[in-house]
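One letter stands for each residue in the lines below.
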Amino acid sequence: MEEVALDLEKMKASATLASRLMKVLSNPDRLMLLCQLSQGEKRVGELEEILGIVQPTLSQQLTVLREEELVTTRREGKNIYYQISSPQALAVMHVLYQEFCEGSAS
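Caption draft 1: Spatial organisation of the state of the cysteines. A full pass over the atoms with the stated rule returns zero disulfides. Considering cysteine sulfurs only, C101 is the nearest to C35, which forms no disulfide, with 5.1 Å between them. By relative accessible area, C101 is classed as partly exposed at 36%.

Caption draft 2: Just the pattern of salt bridges, in detail. Tallying each qualifying case throughout the model produces four salt bridges. Between R20 and E68 there is a salt bridge, with its nearest N and O atoms 2.6 Å apart. In this pair, R20 sits in helix 1 (residues 2–25) while E68 sits in the loop between helix 4 (55–67) and strand 2 (71–76), placing the two residues 48 residues apart along the sequence. Here E41 makes a salt bridge to R74, at a shortest N to O gap of 2.8 Å. A residue pair is termed long-range when its members are at least 10 positions apart, and E41 in the loop between helix 2 (28–37) and strand 1 (42–43) and R74 in strand 2 qualify at 33 residues.

Caption draft 3: Expanded view of the sheet that holds strand 3 (residues 79–84). Strand order in the open sheet formed by three strands is 1-3-2, with antiparallel pairing between adjacent strands. Both edges of this open sheet fall to strand 1 and strand 2, since each of them pairs with a single strand only. As paired elements, strand 1 and strand 3 share two bridges and run antiparallel to each other. Paired with K42 across the strands is Y82, a residue of strand 3. Along the sheet, helix 4 makes contact with strand 2 and strand 3, crossing strand 2 at roughly 115°.

Caption draft 4: A look at unusual backbone geometry. You will see that E69, though not glycine, has its phi angle at about 60°, which is positive. Within the secondary structure, E69 sits in the loop between helix 4 and strand 2. Note on E69: relative accessible area 61%, which makes it exposed.

Caption draft 5: Examining the nonpolar core more closely. Of all hydrophobic cores here, the largest spans 19 residues; its most connected members are L33, L34, L58, L62, L65 and L70. For this core, the elements supplying multiple residues, two or more each, are helix 1, helix 2, helix 3 (44–51), helix 4, strand 3 and helix 5 (87–102). Those residues in contact with L70, other than ones at most four positions away along the chain, are L21, V24, L34, L65, Q83, I84, S85, S86 and A89.

Basis of the calculations
- Residues numbered from 1 in each chain as written.
- Predicted model: local features only at pLDDT ≥ 70, side-chain atom pairs only at ≥ 80, totals over all residues.
- Heavy atoms only, no water.
- Disulfide = S-S within 2.5 Å.
- Buried < 20%, exposed > 50% of the residue type's maximum accessible area, 1.4 Å probe, protein only.
- Salt bridge = Lys/Arg side-chain N within 4 Å of Asp/Glu carboxyl O.
- Helix = DSSP H or I, 4+ residues; strand = E, 2+ residues; numbered from the N terminus.
- Pairing = 2+ DSSP bridges.
- Contact = heavy atoms within 4.5 Å.
- Axes fitted to C-alpha atoms, helices over the stretch in contact; angles between N-to-C directions.
- Core = buried A, V, L, I, M, F, W, Y, C linked by side-chain atoms within 4.5 Å.

Rendered as structure tokens:
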């Protein structure tokens, strides 16, 4: 019986983490940012240009992604580069891409 209780606790902890990830992904701007970053590292200026997200909104959403530890940054001169650091987020982005982007012709 104790093993069942331990499994339930692990399941609850996993559900909490999954819910947290899904909450972050529920914002369209953050979802588009992660979609772009799933293709590889990008500069902030590139993300702004590709997605058309204005700077204040872009900064706000990138801050959320950093705080949730879904992305990491590196600085090169005046440029800040972002990349996905969460294997779970990357896996979810691949599934979303397959379901909503590759098959969007249907």
